[in-house]
Amino acid sequence: MNKFELKNFWFYHSVIFGLLILSCQTHQQLQIEIEFWTMGAEGQHIEKLLPEFKKSHPQIDVKVQSIPWSAAHEKLLTAFAGQSTPDVCQLGNTWIPEFQVVDALLPLDTLINKSSVISSNKYFKGIWDTNIIGEKTYGVPWYVDTRVLFYRTDILDLAGFSQPPTTWDEWFEISKKIRLLSTAEQPKYGVFFSTIHDDWAVPVILIRQNNGILLKDNNCYAAFDHPATIEALEYYLSFFSKDLAVKKMTEVSNLYQAFADGVFSMLITGPWNVNEFKKRVPHINGKWSTAVLPYKKNYTSTAGGSSLIIFNNSKQPEAAWKLIEFLSKDSTQMKFFQLTRDLPAVKAAWELAKINNDTLMTAFYQQLENVEPTPKIAEWEQVAVKIQEHLERAIYKELPIETIVQRLNQDIDKILEKRRWLLSKDLISN
Amino acid sequence: MKTKLFTPYFFIAPALLTLLIFFFLPVSEAFLMSLTDFDIYSLSSLKRARFIFLNNYLQLINDPIFWKALFNTCYFVLVGGPLTILMSLFTAIALNSKLLRFKKFFRLAFFMPVVTSLVAVAVVWRYLYHPRFGVINYFLSFLGIDSIDWLGDPKWAMPALIILAVWKNFGYHMMIFLAGLQTIPDYLYEAARIDGAGWWRQLTNITIPQLAPTTFFVTIMTIIGYFQFFAEPYIMTQGGPLNSTLSIVLYLYQHGFRWWRMGYASSIAFILFFIVCFLAMLQMLVRKKLEQS
């Protein structure tokens with residue numbers, strides 16, 4: 001009796017246990033969880049879009065984690081080192097080369113070729129280009145940004161100009177005239193070039209507008225002694241030496257207030273500041289506008305923004321790709337713009353959301369057709385910081401241009417030494 | 001007999017083991033790393049790292065920014081350190097005096113900054129230092145001093161951080177000094193008073209010599225702590241303007257975690273380690289000499 005019951009006991013239990021395992025497995029097969037990391041404010045807004053994705057893909061659970069921009073780069077590299085990267089991730093598009101070189105990113109070409117939603121011709125050319133390294137595509141643009149000229153229409157009027165500058169010469173001329181409007185209690189400068197976080201942006205833009213080059217020989221050596229590069233740097237520095245650009249940060253402790261006070265009348269900055277100016281200094285609404293950058297040999301600007309990427313060690317690349325496709329649909333892109341005011345990467349969404357109806361935004365659309373990515377090397381950030389550092393010193397100490405260029409070349413060549421070695425040993429491909 | 005010898009090791013084994021796993025192993029690994037050019041490329045494959053012996057250290061010697069960071073750190077330690085110690089000694093003596101009322105309140109007030117999170121403190125001090133709307137410049141304007149761009153001017157950024165650090169840290173050492181003051185027996189002062197010693201004589205001949213061991217401890221802790229100057233510039237200035245507040249640890253952090261040049265960052269860490277070790281030993285020697293004489 002006893003023995004029989006025991007047998008029964010084991011029998012039923014093994015059946016129940018087996019069923020449990022089976023049910024777990026089937027459950028797992030049905031339900032897929034993917035992890036999605038976003039940065040900054042996008043994280044909170046994305047939650048509002050996900051219910052729609054859940055409706056069309058009930059078997060995919062998306063776990064969103066939002067990380068602050070200031071910690072994002074470090075956190076992603078640490079996650080990669082510790083092999084705990086998410087499936088899908090938002091990545092600043094200047095970071096793609098860095099993550100590509102460590103083989104962290106999944107090439108998306110086959111997925112893009114099969115896709116009915118995503119194709120390169122729906123995007124701004126220069127922006128799409130930031131995702132291509134060598135022959136392969138590693139990301140899909142999510143939202144875009146670039147730098148344009150913000151200017152005070154009323155002050156330019158006072159100085160005798162009814163239009164924003166369209167050429168470098170005009171730009172300098174207008175700055176000089178505005179400087180003459182200064183009063184004893186309120187100095188008025190033409191331009192403010194600093195963007196606090198990436199002061200390298202303006203000089204790099206100017207160099208490329210003059211067809212100058214930053215790096216040469218497959219991005220292995222610095223080329224700041226290129227005549228066109230020197231010319232562009234001289235132009236940039238002349239704004240400071242002729243006292244037309246704000247030099248002392250004391251005068252612009254608050255960017256928005258300083259623009260409203262007329263401390264400077266022209267500023268090169270990005271789309272996020274359109275709303276900031278409207279919100280923070282509403283009393284100058286209508287007294288400022290935006291325009292594409294002044295022209296030298298071209299008027300290219302920076303190709304900024306964020307892309308969506310899939311990490312190489314994702315176990316669910318198909319599900320991850322479905323999420324990317326969803327986020328790239330025209331309608332999702334439009335809603336995303338309405339939630340975040342981040343400029344959509346898909347051109348069709350600009351029409352859907354009627355973004356160009358706002359005259360302040362048309363300059364961005366025009367400028368986005370003329371953007372160029374920064375050199376696609378892992379060391380770009382270090383190079384950019386060096387440019388910033390040396391130019392900052394040049395502005396404060398007024399060094400001759402030859403010295404600046406020579407020091408820049410020296411320092412940047414040192415940074416690129418590793419890259420040259422890796423290429424010579426075929427340890428990296430591009 | 002044998003077991004008797006073995007027993008103490010058995011008891012310290014957990015501590016030794018933890019030290020071995022969490023200190024000696026990582027430190028030796030870091031040292032090995034400082035002999036390589038381990039960087040972001042090497043993250044995916046160790047083939048992309050080279051063993052370069054002392055090249056990182058040689059490169060450091062030729063790195064003007066490293067020297068700038070070292071200079072900044074020394075500036076901070078040499079100015080901020082004595083200021084902190086004097087400030088804490090002074091407040092401790094004041095709080096210990098029998099004349100002062102509301103002692104508990106002051107003790108709490110002075111200790112408050114120590115327990116407050118530096119991030120919160122930094123936000124408030126950024127307002128205080130604001131060149132246009134800051135309270136500090138407002139008060140200075142009464143003295144006829146022009147507005148100072150505390151955090152934006154390369155000349156003033158470091159003094160600004162020193163003032164902040166002194167304010168933040170003196171409370172802790174003040175407590176230690178207070179404890180030290182309370183161990184000085186009253187009869188010494190009584191005897192001194194009978195002999196006709198004034199306040200100054202009492203201070204220089206009793207209080208300060210009697211506080212020597214405490215001062216020694218406080219000095220060592222301050223120097224070690226201040227050499228690791230990091231959070232203040234990290235939060236307030238990011239090392240700027242013009243690298244005027246770049247400290248060694250911040251420079252190390254930038255190389256290690258911003259650019260992922262772990263090899264180079266490790267070599268900076270070791271140089272810092274040797275400096276602190278050397279100073280601690282030097283101080284120990286000086287103290288021994290003083291005790292003997």
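These numbers come from a predicted model, not from an experiment.

### A short note on the overall build of chain B
Part 1 of the reasoning: Along chain B, the regular secondary structure elements total 13 helices and 0 strands.
Part 2 of the reasoning: Principal-axis analysis of the C-alpha atoms places the extent of chain B at approximately 75 × 75 × 35 Å.
Part 3 of the reasoning: The burial tally for chain B puts 31% of its 293 residues in the buried class.
Part 4 of the reasoning: Here the contacts in chain B between residues at least 6 apart in sequence split such that 65% fall between residues at least 24 apart.

### Some details on the interface of chain A and chain B
Part 1 of the reasoning: In this assembly, 20 residues from chain A lie in contact with 18 residues from chain B.
Part 2 of the reasoning: Counting residues per element, the ones that place at least two in the side of chain A that touches chain B are α3 (69-81), α4 (96-101), α17 (380-397) and α19 (417-424) of chain A.
Part 3 of the reasoning: With 5 residues, the single largest contributor to the side of chain A that touches chain B is α17(A).
Part 4 of the reasoning: Along the lines of polarity and charge, the residues of the side of chain A that touches chain B split into 10 nonpolar, 3 polar and 7 charged.

### Comments concerning the confidence of the model for chain B
Part 1 of the reasoning: Averaged over chain B, the pLDDT score is 89; the fraction of residues at 70 or greater is 99%.
Part 2 of the reasoning: For this predicted complex, the interface confidence score (ipTM) comes to 0.70, while the overall pTM stands at 0.79.

### Details of the nonpolar core
Part 1 of the reasoning: Core analysis: the largest hydrophobic core is formed by 166 residues, its most contacted members being V88(A), I127(A), V191(A), F192(A), L323(A) and I268(B).
Part 2 of the reasoning: Among the elements that take part in this core, helix α7 (residues 154-182) of chain B stands out by supplying 12 residues, more than any other.
Part 3 of the reasoning: Of the residues that make up this core, three or more belong to each of domain 1 (30-146 + 304-353) and domain 2 (148-302 + 377-424) of chain A.
Part 4 of the reasoning: Here V191(A) is in contact with S175(A), F239(A), L244(A), A245(A), F264(A), M266(A) and L267(A), once residues within four sequence places are set aside.

### Here we look at the domain arrangement of chain A
Residues and elements named next belong to chain A.
Part 1 of the reasoning: The domains assigned to chain A are domain 1 (30-146 + 304-353) and domain 2 (148-302 + 377-424).
Part 2 of the reasoning: Between the C-alpha centres of domain 1 and domain 2 the distance comes to 30 Å.
Part 3 of the reasoning: Listed per partner, the contact involves 9 residues of domain 1 and 9 residues of domain 2.
Part 4 of the reasoning: The greatest single-element share of the side of domain 1 that touches domain 2, amounting to 3 residues, is contributed by α4.
Part 5 of the reasoning: Residues belonging to the side of domain 1 that touches domain 2 are distributed by class as follows: 3 nonpolar, 3 polar and 3 charged.

Parameters at a glance
- Residues numbered from 1 in each chain as written.
- Chains lettered and ligands numbered in written order.
- Predicted model: local features only at pLDDT ≥ 70, side-chain atom pairs only at ≥ 80, totals over all residues.
- Helix = DSSP H or I, 4+ residues; strand = E, 2+ residues; numbered from the N terminus.
- Buried ≥ 20, exposed ≤ 12 C-beta atoms within 10 Å, placed from the backbone.
- Contact = placed C-beta atoms within 7 Å.
- Nonpolar A, V, L, I, M, F, W, Y, C, P; charged D, E, K, R; others polar.
- pLDDT = per-residue confidence, 0-100.
- Core = buried A, V, L, I, M, F, W, Y, C linked by C-beta atoms within 7 Å.
- Domains from an automatic or database assignment.

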